Amino acid sequence: MGWSLVVPLKPLARAKSRLSRAAGEEFRPRLALAFALDTVTAALACANVQDVAVVTDDRLAAERLAALGARIVPDTPARGLNAALAHGAGVVRARRPGAPVAALNADLPALRPAELELVLHSASLFPRAFLADAADIGTTLLTATSGRELEPAFGGASRARHLASGAQEITGPKAPSVRRDVDTGEDLLAALALGVGPHTALQAPRLVAGAAAPEGSKRLPPPQVRASGA
Ligand SMILES: Nc1nc2c(ncn2[C@@H]2O[C@H](COP(=O)(O)OP(=O)(O)OP(=O)(O)O)[C@@H](O)[C@H]2O)c(=O)[nH]1
Ligand SMILES: C=C(OP(=O)(O)O)C(=O)O
């Protein structure tokens, strides 16, 4: 099955606000862009992904993500994440009616194509399905096969909302990199331990691990860069 992925991305100046403490205001936007570049690079390398549409109004991110091969869809101003996802899925299906679509967060810097492939394969067995985030509270991926609307209910405790909406939770494949979203400094340390993509690896050593080490002196460990395509 050739999935069309819809990746939402806030304007970088506002993105990943919960990383302010760990990253500082100078690096937070750079880090948000690095996460998105690594997420989309891995998604485009996934064998059962046909294309990736990024819903964003950020000019720099749009330019860099388009250069990777993503399609850029302008956001629906001020209507929020779920409106952006529904709009992106609509644009995808206007071009490819009946396409299986998946919403994938842009904050998965450790994403591995082979793990995403397994999750999407499992999801293809259900009309709608989702993967919970590493904390088992939110959602990193929501899918809808041909003929079904995505009906996104992301934000905060979205795992329970997606379950209540009738979507099937994907629990079979071991896919820690697809579940490892990064909202805080501690999440970033966990992603670095899994091994991040090259864009995040370049940025991470510049950061002081403020959130993970409140006393403020400890630097983040050297990042492990995952081998491309692994
Ligand atoms: N296009 C678009 N994407 C959004 C919007 N709000 C959130 N996102 C994206 O949705 C995904 C999940 O959101 P969060 O994990 O909360 O990321 P965030 O909003 O940058 O982080 P915080 O500022 O810390 O809440 C990320 O890829 C965000 O960039 C929106 O209004 N429009
Ligand atoms: C967007 C979500 O949550 P968070 O903002 O905590 O990443 C979600 O998991 O639905």
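Keep in mind it's a predicted model, so treat the numbers as computed, not measured.

Peer 1: Help me understand the sheet that holds strand S2 (residues 49-55) in this model?
Peer 2: Sheet strands pair by backbone hydrogen bonding; their relative direction is either parallel or antiparallel. Taken in spatial order, the 7 strands of this open sheet run S3-S2-S1-S4-S6-S5-S7, and their pairing is mixed. In this open sheet, the two edge strands, each paired with only one partner strand, are strand S3 (71-73) and strand S7 (168-169). Direction of pairing for strand S1 (residues 3-8) relative to S2: parallel, over a ladder of 6 bridges. Within S2, the position partnered with Val6 by the bridge is Ala53.

Peer 1: In this structure, what is going on with the site of ligand 2? I would like to understand it.
Peer 2: In the vicinity of ligand 2, the contacting residues are Arg18, Leu81, Gly138, Thr139, Phe154, Gly155, Gly156, Ser158, Asp181 and Asp183. At 2.8 Å, a backbone N or O of Thr139 approaches an oxygen atom of ligand 2. A distance of 2.7 Å separates an oxygen atom of ligand 2 from a polar backbone atom of Gly155. Calculation on ligand 2 without its partners gives an accessible area of 290 Å², and the protein chains cover 85% of this total. In this structure the site holding ligand 2 corresponds to the largest pocket. For the shell around ligand 2, the residue count by class is 2 nonpolar, 5 polar and 3 charged.

Peer 1: I would appreciate a short explanation of the layout of surface pockets in the present structure.
Peer 2: Over the atoms rolls a probe the size of a water molecule, and in doing so it shows where empty space is left. Here the largest pocket defines a volume of roughly 880 Å³. Surrounding the largest pocket, 39 residues form its lining, Lys10, Lys16, Arg18, Leu81 and Asp107 being those nearest its centre. Listed by contribution, the elements that provide at least two residues to the lining of the largest pocket are helix H1 (20-44) and helix H3 (81-95). In terms of residue class, the lining of the largest pocket is built from 17 nonpolar, 9 polar and 13 charged.

Rules of the game
Residues numbered from 1 in each chain as written. Chains lettered and ligands numbered in written order. Predicted model: local features only at pLDDT ≥ 70, side-chain atom pairs only at ≥ 80, totals over all residues. Heavy atoms only, no water. Pairing = 2+ DSSP bridges. Helix = DSSP H or I, 4+ residues; strand = E, 2+ residues; numbered from the N terminus. Near = heavy atom within 4 Å. Polar contact = N/O pair within 3.5 Å; in protein donor to acceptor, adjacent residues only side chain to side chain. Areas by Shrake-Rupley, 256 points an atom, 1.4 Å probe, with all protein chains shown as cover. 1 Å grid on protein atoms, 1.4 Å probe; cavity = no way out; pocket = protein on both sides within 12 Å on 5 of 7 lines; lining within 4 Å. Sits in = over half its atoms within 2 Å of the grid points. Nonpolar A, V, L, I, M, F, W, Y, C, P; charged D, E, K, R; others polar. Points joined across faces, edges and corners; volume = space filled by probe spheres on them.

None of the figures reported here should be taken as evidence of function without further support.
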